[in-house]
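Coordinates in review
So the chains spell out like this:
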Amino acid sequence: MHSNVQKRTAHSSRLEVTNGGSPSSGNAHAHGNADKSTRRRRLRRKKTSAYAKSQRRFAILQATVGFILLLVVSLHAFRTIQAKRAEWRRDAAADQFNKDIANDAQAMKDRHRRENKHNRNQNMDPDAENVLEPEDKDNGKYHSARDRVKSWGKKIKRISQYQHSDIMPNIGDKSLAYARLRKEYDELLPAEDDEDVDRMRANVEALRKRTYLNIMEGDEGMTYDVLDCPFDPPLGYPYQWNIQKVLDNWGPDDTEPRTHIYQGLCQFDFETEADKAMNYREAEVPFVVRNDPAVMRTSE
C-alpha cells in the first residue's frame, strides 16, 4: 500500500512537472483560475441584480404613470358628471318655473272667468253694457267674433260683431260695447276718401299753434332745406350743432316759445313725399313725417 501511494505521488509530481512547472507553481495557477471564476460569478450576480433593479424601477414607473392617468380620467369624469347634474338641475328648475307661471296664469284665467261669468267678453269697462242688440245683427262690416254661448248637447252659437279697420287679433277691446261705440264714431268721422283726409288735415292744422323757422337756413355749413330735402340724403345729413348753442337758444327751463330753432331733420309730407321718406328710411337716417292719415285720425 505504501508503495502505491508513493507511485501516485510521483505520478502527480510528474504531471505537474510535465505541465510546465514545479508543484508550487501549479498550485498558484489553480488559485488564479478559482479567483477568475469567482470574479465572473460576482460580476454575473451584479449584472443580474442591476437588471432586476432596473426592472423593478420600470414597473414602479409604469404603476405610477398608470395611477396618475387613472386619477386624471376619474377627475375629468367626476367634473363632467357634476356639470351634467348642474345642467339637469337648471333645466328642472326652469321647467318648474315655467310650469308655475303657466299654473298661475291658468289660475288667474279661472278666477277671472268665475268673477266675470256673466260677461263673456273681456271688456275694458266692466260696467259697460254688453248685450247684443237687434241692430248689431244687420248687414254690414260684421264677422264671427269670440263671443260664444255654449250649452250641453248643442252647437256653439256665434254672434256677429262689427269689425273696425284698426282691429288686431288678440289685442285691444273685443267687447260688443266697444264695437257699437266704434261703429258710431266710424260713421261720424269716416276715413275712406280724399274729403275725409282733407277734413283730418284741417283739424290737425288747427291744432298747430306755431311754426318754427330754422336758424341755420341759408348758412354755408348746411347744404339743404329741411322743408324741401333732396330725394337722397345729402352728405353729412343730418346737420349737427354744438349742444351749448342749442341750449343757449332755448334752455330746458325756459318755457317761452321761440320763433327760430336749430333744426336739421328733413320734414316730409306723407301724401306728396312718401317716396322720399321711404328712401331715407332705407338709408337708416332720421326724418319727420307729417300728414299721415293714420296718425291724423287719432287727433279727432
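What you are looking at is a predicted structure, and each value in this text was computed from that prediction instead of being measured. (Residues numbered from 1 in each chain as written. Predicted model: local features only at pLDDT ≥ 70, side-chain atom pairs only at ≥ 80, totals over all residues. Heavy atoms only, no water.)

1. Concerning the overall build of the protein chain
Convention followed: The secondary structure listing takes helices from DSSP runs of H or I that are at least 4 residues long and strands from runs of E that are at least 2 residues long, numbered from the N terminus. Partly exposed residues are those whose accessible area sits between 20% and 50% of the maximum for their type, while under 20% is buried and over 50% is exposed, using a 1.4 Å probe and protein chains only. The contact rule is simple, with two residues in contact once any of their heavy atoms fall within 4.5 Å. Using the Shrake-Rupley algorithm and a 1.4 Å probe, accessible areas are obtained, with residue cover drawn only from the displayed protein chains.
Secondary structure assignment for the protein chain yields seven helices and six strands. The proportion of buried residues among the 300 residues of the protein chain is 17%. Residue pairs in contact within the protein chain that sit at least 24 positions apart in sequence constitute 53% of those at least 6 positions apart. Here the protein chain has roughly 24,100 Å² of accessible surface; of this, 55% comes from carbon and sulfur atoms.

2. What about the nonpolar core?
What counts here: Remark: nonpolar core denotes a set of buried residues (Ala, Val, Leu, Ile, Met, Phe, Trp, Tyr, Cys) joined through side-chain atoms within 4.5 Å.
Met-222, Tyr-224, Val-226, Cys-229, Tyr-237, Trp-241, Cys-266, Phe-268, Ala-277, Tyr-280 and Val-285 together form the largest nonpolar core, which totals 11 residues. Setting aside anything within four residues of it in sequence, one finds Cys-229 in contact with Tyr-224, Cys-266, Phe-268, Lys-276 and Tyr-280.

3. Considerations on helix 4 (residues 194–207)
Note the following rule: Here, expected helix span is obtained from the residue count minus one, scaled by 1.5 Å. The directions considered for the arc are those from the helix axis to the C-beta atoms.
Spanning 14 residues, helix 4 covers 20 Å between terminal C-alpha atoms, matching the ideal 20 Å at 1.5 Å per step. Asp-196, Val-197, Met-200, Arg-201 and Val-204 are the residues of helix 4 that are buried. Each buried residue of helix 4 lies within a common arc of 135 degrees when the element is viewed along its axis, so the set occupies one face. More than 90 degrees from the buried face of helix 4, the exposed residues found are Glu-195 and Ala-206. Tucked inside the fold, the buried residues of helix 4 contact helix 7 (293–296).

4. Considerations on the packing of aromatic side chains
Two descriptors summarise a pair of aromatic rings, namely the distance from one centre to the other and the angle between the planes of the rings. The cut-off we apply is this: Ring geometry is summarised as follows: Phe, Tyr and Trp rings, the Trp one being its six-membered ring, pair when their centres sit within 6.5 Å, and such pairs are stacked at plane angles under 30 degrees, edge-to-face over 60 and tilted between the two.
Here the structure, examined in full by the defined rule, presents eight aromatic pairs. Taken together, a centroid distance of 5.4 Å and an interplanar angle of 90 degrees make the contact between Tyr-237 and Tyr-280 edge-to-face. Taken together, the residues Tyr-237 in the loop between strand 3 (213–214) and helix 5 (243–249) and Tyr-280 in helix 6 (residues 274–282) connect sequence positions 43 residues apart. Accessibility expressed as a relative area gives 0% for Tyr-280, which makes it buried. The structure contains a cluster of three or more aromatic residues connected by ring pairs, namely Tyr-224, Tyr-237, Phe-268, Tyr-280 and Phe-287.

5. Details of a nonpolar patch on the surface
Worth spelling out the cut-off: A patch consists of residues whose relative accessible area exceeds 30% and which take part in no salt bridge; residues with like charges are grouped when within 9 Å of each other, and nonpolar side chains (Val, Leu, Ile, Met, Phe, Trp, Tyr) when within 5 Å. Put simply, a salt bridge is a Lys or Arg side-chain nitrogen that is within 4 Å of an Asp or Glu carboxyl oxygen.
Taken together, Phe-58, Leu-61, Val-65 and Leu-69 make up a surface patch of nonpolar side chains, about 390 Å² in accessible area. Inspection of the secondary structure assignment puts Leu-61 in helix 2 (residues 23–115).

6. As for the state of the cysteines
Keep this limit in mind: Two cysteine sulfurs form what is called a disulfide whenever their separation falls within 2.5 Å.
Under the definition given, this model contains one disulfide. Here Cys-229 connects covalently by a disulfide to Cys-266, the sulfurs 1.9 Å from one another. As the torsion about the S-S bond is roughly -95 degrees, the Cys-229-Cys-266 disulfide counts as left-handed. With Cys-229 in the loop between strand 3 and helix 5 and Cys-266 in the loop between strand 4 (260–261) and strand 5 (267–269), the pair connects residues that are 37 residues apart, well separated along the chain. For Cys-266, a relative accessible area of 0% translates into the label buried.

7. Looking at the pattern of salt bridges
Scanning the entire structure with this criterion turns up 11 salt bridges. When the shortest N-O distance is used, the salt bridge between Arg-297 and Asp-186 registers 2.8 Å. Placement of Arg-297 in the segment after helix 7 and of Asp-186 in helix 3 (residues 176–188) is noted, with a sequence separation of 111 residues between them. Assessed through its relative accessible area of 13%, Asp-186 is described here as buried. The partner of Glu-300 in a salt bridge is Arg-199, with the nearest N and O atoms 3.0 Å apart. Residue Glu-300 is found in the segment after helix 7, and its partner Arg-199 is found in helix 4; the two are separated by 101 residues along the sequence. With relative accessibility at 32%, the residue Glu-300 sits in the partly exposed group. Several salt bridges share partner residues, and in doing so they unite Arg-182, Asp-186 and Arg-297 into one network.

8. Here's the deal with helix 6
Note: α-helices contain 3.6 residues per turn, so residues at a spacing of three or four share the same orientation. Inspection of helix 6 places Lys-276, Ala-277 and Tyr-280 among the buried residues, and these make up the whole buried set. Buried residues of helix 6 fall within an arc of 100 degrees about the axis and therefore sit on the same side. Structurally, helix 6 contributes buried residues whose contacts are with strand 5 and strand 6 (288–290). Glu-284 sits one or two positions beyond helix 6 and adopts a positive phi of about 60 degrees.

9. Some words on the confidence of the model for the protein chain
Put simply, the rule is: Each residue carries a pLDDT score, the predictor's confidence in it, ranging from 0 to 100.
On average, residues of the protein chain score 75 in pLDDT, and 71% of them reach the 70 mark or higher. This stretch, residues 119–132, has a pLDDT under 50; its non-local contacts, to residues over four places away or in other chains, come to 32 contacts.

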